Amino acid sequence: MSKERRIIEIAPGTMSPGGRMTDRIESRGHRCPYCQGNGYLWQEDEWQERYKKECPICKGSGRLDAVITIEWKAGSNS
Ligand SMILES: [Zn+2]
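This structure is a prediction, so every number in the text was calculated from the model and none was measured.

1. Some details on the pairing of strand 3 (residues 50–54)
Where strand 2 (residues 40–44) meets strand 3, 5 bridges bridge the pair, whose relative direction is antiparallel. Of the residues in strand 3, the one forming a bridge with glutamate 44 is arginine 50. Counting the residues that bridge the hairpin from strand 2 to strand 3 gives 5 residues, and of these glutamine 48 lies at a positive phi of roughly 60 degrees.

2. Regarding the packing of aromatic side chains
Considering all chains together, one arrives at 1 aromatic pair under this definition. Note on tyrosine 40 and tryptophan 42: the rings are 5.9 Å apart at their centroids and 80 degrees apart in plane angle, and the pair reads as edge-to-face. Here tryptophan 42 falls in the partly exposed class, since its relative accessible area comes to 44%. It is arginine 50 that lies over the ring of tryptophan 42; its NZ or CZ is 4.8 Å from the centre. Between lysine 52 and the ring centre of tyrosine 40, over which it is positioned, the NZ or CZ distance is 4.4 Å.

What counts, and where the lines are drawn
- Residues numbered from 1 in each chain as written.
- Predicted model: local features only at pLDDT ≥ 70, side-chain atom pairs only at ≥ 80, totals over all residues.
- Heavy atoms only, no water.
- Pairing = 2+ DSSP bridges.
- Helix = DSSP H or I, 4+ residues; strand = E, 2+ residues; numbered from the N terminus.
- Phe/Tyr/Trp six-rings, centres within 6.5 Å; stacked < 30°, edge-to-face > 60°.
- Buried < 20%, exposed > 50% of the residue type's maximum accessible area, 1.4 Å probe, protein only.
- Lys NZ or Arg CZ within 6 Å of the ring centre and 35° of its normal.

Encoded structure:
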């Protein structure tokens, strides 16, 4: 199993009054831990026949995308 380590630099870009106050960072292609990246899980029916059931976490893709939303807020005076 591999893990990705990323450094995210947080700095506000161009902003205008009434404009967008959020930034979005995406990190794609993480292996689904629930199905070990297979996209399915083995299940048994009432006759003990094994069949593949789509993973409910990654919806069969075996991968998860992380979406990180940064919300910019006015600083507080202190
Ligand atoms: Zn999965």
